[in-house]
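One-letter residues, chain by chain:
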Amino acid sequence: MKLEDFQVYNLSMDLGQEIHTIVKGWNYFDKDTIGKQLVRSADSIAANLSEGVGRYHYKERKKL
């Protein structure tokens with residue numbers, strides 16, 4: 001399966017875009033304090049999922 005076939009990955013990408021759009025409308029102080037952190041954490045959801053999907057290899061599984 002490709003990464004784009006996973007529904008949870010697509011949902012996490014949509015969530016990241018939605019949060020980015022919301023934070024973009026905030027004032028400078030709010031963006032600089034909590035906004036940046038919120039956007040980074042939302043983006044890391046999709047990044048962690050993609051990293052996890054790419055890690056599966058038969059040889060790794062065989063060692064367990």
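Provided above is the structure to which this section pertains.
Residues numbered from 1 in each chain as written. Predicted model: local features only at pLDDT ≥ 70, side-chain atom pairs only at ≥ 80, totals over all residues. Heavy atoms only, no water.

## A few points about the pattern of salt bridges
Now for step 1: Counted according to the given criterion, the structure contains one salt bridge.
Now for step 2: Between Lys36 and Asp32 there is a salt bridge whose closest N-O contact spans 2.8 Å. Note that Lys36 and Asp32 are positioned in helix α2 (residues 28-53) at a spacing of four residues, about one turn of the helix. (Salt bridge = Lys/Arg side-chain N within 4 Å of Asp/Glu carboxyl O. Helix = DSSP H or I, 4+ residues; strand = E, 2+ residues; numbered from the N terminus.)

## Notes on the packing of helix α1 (residues 7-24) against α2
Now for step 1: Their axes nearest at 9 Å, the elements α1 and α2 cross at an angle of 165 degrees. With respect to α2, the axis of α1 lies roughly antiparallel. For the pair α1 and α2, the crossing hand works out as left-handed. When α1 is examined against α2, the residues Val8, Tyr9, Ser12, Met13, Leu15, Gly16, Ile19, His20, Val23 and Lys24 are found in contact with a partner set consisting of Lys31, Gly35, Leu38, Val39, Ala42, Asp43, Ile45, Ala46, Leu49 and Ser50.
Now for step 2: Of the residues belonging to the contact of α1 with α2, the class tally is 12 nonpolar, five polar and three charged. (Axes fitted to C-alpha atoms, helices over the stretch in contact; angles between N-to-C directions. Parallel < 35°, antiparallel > 145°, perpendicular 65-115°, else oblique. Left-handed = near helix turned anticlockwise from the far one by under 90°. Contact = heavy atoms within 4.5 Å. Nonpolar A, V, L, I, M, F, W, Y, C, P; charged D, E, K, R; others polar.)

## Comments concerning α2
Now for step 1: With 26 residues, α2 should cover 38 Å at 1.5 Å per step; its first-to-last C-alpha distance of 36 Å lies within 8% of that length.
Now for step 2: Largest kink in α2: about 50 degrees, centred on Gly35.
Now for step 3: Burial in α2 covers these residues: Gly35, Val39, Ala42 and Ala46.
Now for step 4: For α2, the N-terminal cap is Asn27; the gap from its side-chain oxygen to the backbone nitrogen of Phe29 is 3.2 Å. (Expected span 1.5 Å × (residues − 1). Bend = angle between axes of the 7 residues up to and from the residue. Buried < 20%, exposed > 50% of the residue type's maximum accessible area, 1.4 Å probe, protein only. Polar contact = N/O pair within 3.5 Å; in protein donor to acceptor, adjacent residues only side chain to side chain.)

## Notes on the environment of Tyr9
Now for step 1: Locating Tyr9 in the fold gives a position in helix α1.
Now for step 2: For the pair Tyr9 and Ala47, spaced 38 residues apart in sequence, the C-alpha separation works out to 9.0 Å.

## A few points about the side chain of Ser12
Now for step 1: Considering the arrangement of structural elements, one finds Ser12 in helix α1.
Now for step 2: For Ser12, the residues in contact, after removing those within four places along its chain, are Ile45, Ala46 and Leu49.

## Considerations on α1
Now for step 1: The first and last C-alpha atoms of α1 sit 26 Å apart over 18 residues, in line with the 26 Å expected at 1.5 Å per residue.
Now for step 2: The elements touched by buried residues of α1 are α2.

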